[in-house]
Amino acid sequence: MKDKKVTFLTYLYPKNWLINIVLLQARLIASLPYTWIMKLGHCLGIILYSIPSNRSAIAMKNIELCFPRLTDLERKKLLKKHFISLGIGFLEIAMLRWKSNEKLKQLITINGLNHLKRAVK
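Just so it is clear, the structure is predicted and the values come from calculations on it, not from any experiment.

Undergrad: Please explain the overall build of the protein chain as it appears in this structure.
TA: Helix and strand counts for the protein chain stand at 6 helices and 0 strands. Element order for the protein chain, N to C, with α for helix and β for strand: α-α-α-α-α-α. Its C-alpha atoms give the protein chain a radius of gyration of 20 Å, more than 25% over the compact-globule value 14 Å for 121 residues. Principal axes of the C-alpha set define a box for the protein chain whose edges measure 55 × 45 × 40 Å. The buried share of the protein chain, taken over its 121 residues, is 19%. Long-range contacts, defined as pairs at least 24 residues apart, comprise 65% of the intrachain contacts of the protein chain with a sequence gap of at least 6. Taken as a whole, the protein chain presents about 10400 Å² of accessible surface, with 64% of it coming from carbon and sulfur. For the protein chain, the separation between the mean place of its 21 positive charges and that of its 6 negative charges on side chains is 7 Å.

About the thresholds
- Residues numbered from 1 in each chain as written.
- Predicted model: local features only at pLDDT ≥ 70, side-chain atom pairs only at ≥ 80, totals over all residues.
- Heavy atoms only, no water.
- Helix = DSSP H or I, 4+ residues; strand = E, 2+ residues; numbered from the N terminus.
- Rg over C-alpha atoms; globule rule 2.2 N^0.38 Å.
- Buried < 20%, exposed > 50% of the residue type's maximum accessible area, 1.4 Å probe, protein only.
- Contact = heavy atoms within 4.5 Å.
- Areas by Shrake-Rupley, 256 points an atom, 1.4 Å probe, with all protein chains shown as cover.
- Lys, Arg positive; Asp, Glu negative; His and termini not counted.
- Charge placed at Lys NZ, Arg CZ, Asp CG, Glu CD.

Given below as structure tokens:
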């Protein structure tokens, strides 16, 4: 099997326009302040929660199996929280990809590093 050569022009083909638009939007969002990114991720999660999909039905079934004692209302709340976390997670990945290391270091706090170092010894 011969490998295809991918050039820059390949990314300009119409079949790639949608992914290019999504990546451009993600890159622009990643340049925003952290609090805005979290709010946009929250909104994205609510939009994903609102769209009927197989994923939503699968997630609800998993919640039912894992938490049989929850009421239907509690399960719906947990499902909504799941999709909000998913939306935030999408934007956090964009942030990790395109934010500078200096900006990320300002956001990250490591707790318990001494325990890891002791365990490694």
